[in-house]
Amino acid sequence: MKKTLLIMTVGGTDVQLVVEGRRHKLDGNQCGTLHDAIKARGWSLVDAPKERPRDFITTLPQESLELCTPKLDAILARFGGELPSSALIFETTRQDTREPRLAGEVLEERLRSRGVTNVARVAFLTGEEPLEDPNDKLDAIVRRSVVATLSRATAQQLAGLQRGDRVFVATTGGLAAANEVIIELVRLHAVGGPEVTALEVPDGNRGQQEERAIEESFHPASGYRARWHALSLIEKGN
């Protein structure tokens, strides 16, 4: 039986608050603080409403808290009736007022409620860990220890997959530099095995347009990047 793995990253807009039938993004500068308050009070999940005003949530309403996951819902809708057999969520849980540290937990709950029971979460930044170290040229964009964490988790999830299986990677939120590494790690660990498809969920127009998951557009630089990697290996005798 063919297997399908979904790999996602999460950020500040992956979880939104539903108030009076409309969904709102949380204020990015207070995302972590608001997530802590939501976790302390308790929350429930609902389908994402179409209507989404421009204003951001800066303080939580007094009534019961309802959350939605529009980007994840758009990705699951793309699968139709054949949902992923497993999922891997990359999250960050640092102690920062802006950190979306509840997002991974909410997405895991949404996946399980939809029938995806094999869900793993990996926090690749915790405490006060930085993503980069500008004092070291090898760590200036993403620290090597962070890459190692991402690589181990990716390899572990792909270990049981083979040709004919599918991997979908959706870096819909989080840290752009880490997302680029994740996509390439997935492709690297999938060589000779499952087919990899990168998904993106572009923000729709304001109003009542729903998000839709689409395959990532091919970037012309990708082809040239692959060529110079291959030429470099050949020059070294590979």
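Here's a quick rundown of the structure. (Residues numbered from 1 in each chain as written. Predicted model: local features only at pLDDT ≥ 70, side-chain atom pairs only at ≥ 80, totals over all residues. Heavy atoms only, no water.)

Comments concerning the side chain of Thr4
For step 1, the next point in the chain: Within the secondary structure, Thr4 sits in strand 1 (residues 4–9).
For step 2, the next point in the chain: Dropping the residues within four chain positions of it, Thr4 is found in contact with Phe79, Pro84, Ser85, Ser86, Arg166 and Phe168. (Helix = DSSP H or I, 4+ residues; strand = E, 2+ residues; numbered from the N terminus. Contact = heavy atoms within 4.5 Å.)

Observations regarding the pairing of strand 2 (residues 16–19)
For step 1, the next point in the chain: Alternating positions in strand 2 separate into two faces, Gln16 and Val18 on one and Leu17 and Val19 on the other, with burial throughout.
For step 2, the next point in the chain: Pairing of strand 2 with strand 5 (residues 66–68) involves 3 bridges; the strand directions are antiparallel. Note that in strand 5 the partner of Leu17 across the bridge is Leu67.
For step 3, the next point in the chain: One ladder, built from 3 bridges, connects strand 2 with strand 3 (residues 22–24); its direction is antiparallel. (Buried < 20%, exposed > 50% of the residue type's maximum accessible area, 1.4 Å probe, protein only. Pairing = 2+ DSSP bridges.)

Re the packing of helix 2 (residues 70–79) against helix 3 (residues 103–113)
For step 1, the next point in the chain: Between helix 2 and helix 3, the least distance of the axes is 10 Å, while the angle of their chain directions is 30°. The pairing of helix 2 with helix 3 is recorded here as roughly parallel in orientation. Crossing of helix 2 over helix 3 shows right-handed handedness. Residues Leu72, Asp73 and Leu76 of helix 2 form the contact with helix 3, whose participating residues are Leu107, Arg110 and Leu111.
For step 2, the next point in the chain: Here the contact of helix 2 with helix 3 is composed, by residue class, of 4 nonpolar, no polar and 2 charged. (Axes fitted to C-alpha atoms, helices over the stretch in contact; angles between N-to-C directions. Parallel < 35°, antiparallel > 145°, perpendicular 65-115°, else oblique. Left-handed = near helix turned anticlockwise from the far one by under 90°. Nonpolar A, V, L, I, M, F, W, Y, C, P; charged D, E, K, R; others polar.)

Regarding the environment of Ala176
For step 1, the next point in the chain: If you trace the backbone, Ala176 turns up in helix 5 (residues 176–189).
For step 2, the next point in the chain: Along the backbone, Ala176 and Thr9 are 167 residues apart, and their C-alpha atoms lie at a distance of 10.0 Å.

With respect to the sheet that holds strand 2
For step 1, the next point in the chain: A sheet is described by the order of its strands in space; here 4 strands give the open sequence 3-2-5-4, paired in mixed fashion. With partners counted over all chains shown, the strands left at the sheet margins are strand 3 and strand 4 (44–45), one partner each.

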